[in-house]
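Structural characterization, general
Listed below are the residues making up each chain.
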Amino acid sequence: MENEIKLTLAAEPFAKCYGILILENGDYMIEIDQSNIPTDFLSRLKKWYEEYYPYVTMSLKELESHREHTEKLDNIGIELLNEIYKNGIFSDLNINRYVYYSRGIDKPIVELN
């Protein structure tokens with residue numbers, strides 16, 4: 001069976017690098033070396049994460065009143081994930097799947113293979 005290496009972008013406290021978590025066969029794989037991330041991309045990633053992170057502790061019911069803002073943040077997050085994918089930012093890790101997880105609706109909404 002081939003190893004599955006999955007990169008997930010989600011504003012969650014478990015994520016080790018501003019929302020990026022990399023798993024191998026479902027287990028935590030690697031803490032990302034931030035120095036390998038282009039500086040301009042890293043600053044946008046940090047801004048997205050810091051703006052989204054306050055919503056992490058809210059229930060889905062509480063999140064309903066913030067839907068417009070979380071949808072905007074999801075759109076930014078999806079753009080960031082697309083950039084990671086298209087530019088091969090972590091190509092050295094042999095990632096099989098790229099997933100964007102929306103904290104605003106508590107489910108994955110984009111998957112790239």
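Preceding this section is the structure that the text describes.
Note that residues are indexed from 1 along each chain, following the sequence as it is written. Local features in this predicted model are restricted to residues whose pLDDT is 70 or higher, and side-chain atom pairs enter the listing and the counts only when it is 80 or higher, whereas totals over whole chains, interfaces and linings include all residues. Side-chain measures were taken over the full set of non-hydrogen atoms in the model, leaving aside hydrogen atoms and water.

1. A look at the pattern of salt bridges
We define a salt bridge as a side-chain nitrogen of Lys or Arg found within 4 Å of a carboxyl oxygen belonging to Asp or Glu. Enumeration according to the criterion identifies seven salt bridges in this entry. Salt-bridge contacts for R44 lead to E83; the nearest nitrogen and oxygen are separated by 2.5 Å. Here E83 lies in helix α3 (residues 67-87) and R44 lies in helix α1 (residues 39-52), a separation of 39 residues in the sequence. In this structure, E51 engages K47 in a salt bridge whose closest nitrogen and oxygen atoms are separated by 3.8 Å. Highlighted residues: E51 and K47, both in helix α1, separated by four residues, approximately one helical turn. A cluster of three or more residues bridged by salt bridges with shared partners is formed by E4, R97 and E111. The way it works is that DSSP assigns letters per residue, a run of H or I at least four long becomes a helix, a run of E at least two long becomes a strand, and they are numbered from the N terminus.

2. Considerations on the packing of α1 against α3
Angle between the axes and distance between the axes: these two values describe a pair of packed helices. Axis definition: a line fitted to C-alpha atoms, limited for helices to the stretch in contact. Angles are taken between N-to-C directions and run from 0 to 180 degrees. Where α1 contacts α3, the two axes come as close as 10 Å, and the packing angle between them is 150°. The orientation of α1 with respect to α3, classified from their angle, is roughly antiparallel. Two packed elements cross with a definite hand, and for α1 against α3 that hand is left-handed. Taken together, the residues of α3 that come into contact with α1 (itself represented by F41, R44, L45, W48, E51 and Y52) are H69, T70, L73, D74, I76, G77, L80, E83 and I84. When grouped by side-chain class, the residues that make up the contact of α1 with α3 number eight nonpolar, three polar and four charged. An angle below 35 degrees is treated as roughly parallel, one above 145 as roughly antiparallel, one from 65 to 115 as roughly perpendicular, and anything else as oblique. What makes a crossing left-handed is the near helix being turned counterclockwise from the far one by less than a right angle; a clockwise turn instead makes it right-handed. Any pair of residues with heavy atoms lying within 4.5 Å of one another is described as a contacting pair. Asp, Glu, Lys and Arg are counted as charged, while Ala, Val, Leu, Ile, Met, Phe, Trp, Tyr, Cys and Pro are counted as nonpolar; the rest, among them Gly, fall into the polar class.

3. Some details on α1
Taking 1.5 Å per residue as the helical rise, α1 with its 14 residues ought to reach 20 Å, and the 20 Å between its terminal C-alpha atoms agrees with that figure. Each residue is assigned to one of three classes by its accessible area relative to the maximum for its type, calculated with a 1.4 Å probe on protein chains only: buried under 20%, partly exposed between the two thresholds, exposed over 50%. Taken residue by residue, α1 has F41, L42, L45, W48, Y49 and Y52 as its buried positions. Seen from one end, α1 has its buried residues packed into an arc of 125°, which puts them on one side. Residues of α1 that are exposed and angled more than 90 degrees away from the buried face: T39, K47 and E50. One fewer than the residue count of a helix, multiplied by 1.5 Å, yields its expected span. Note: the arc covers the axis-to-C-beta directions of the helix.

4. Observations regarding α3
The end-to-end C-alpha distance of α3 is 30 Å, a good match for the 30 Å that 21 residues give at a rise of 1.5 Å each. Of the positions making up α3, those classed as buried are T70, L73, D74, G77, I78, L80, L81 and I84. An end-on view of α3 places all buried positions within 165° of arc, on one side of the element. Exposed side of α3, more than 90 degrees from the buried face: E68, E79, K86 and N87 are the residues found there. Contact partners of the buried residues in α3: β1 (5-9), β2 (20-24), α1, α2 (60-64), β4 (97-102) and β5 (107-112). Looking at the residues trailing α3, positive phi occurs at G88, about 60°.

5. Quick word on the packing of aromatic side chains
Each Phe, Tyr or Trp ring, with Trp reduced to its six-membered ring, pairs with another whose centre is within 6.5 Å; inter-plane angles below 30 degrees give stacked pairs, above 60 give edge-to-face pairs, and intermediate values give tilted ones. Applying the stated criterion across every chain yields a total of seven aromatic pairs. By way of ring pairs, the aromatic residues Y18, W48, Y49, Y52, Y53, Y55 and Y100 are connected into one cluster.

6. Focus on the side chain of D74
Along the chain, D74 falls in helix α3. Charge counting follows a simple rule: Lys and Arg are positive, Asp and Glu are negative, and His as well as the terminal groups are ignored. For the buried residue D74, which engages in no salt bridge, the nearest side chain bearing the opposite charge is R67, 6.9 Å off. Dropping the residues within four chain positions of it, D74 is found in contact with Y52, Y100, S102, R103 and I109.

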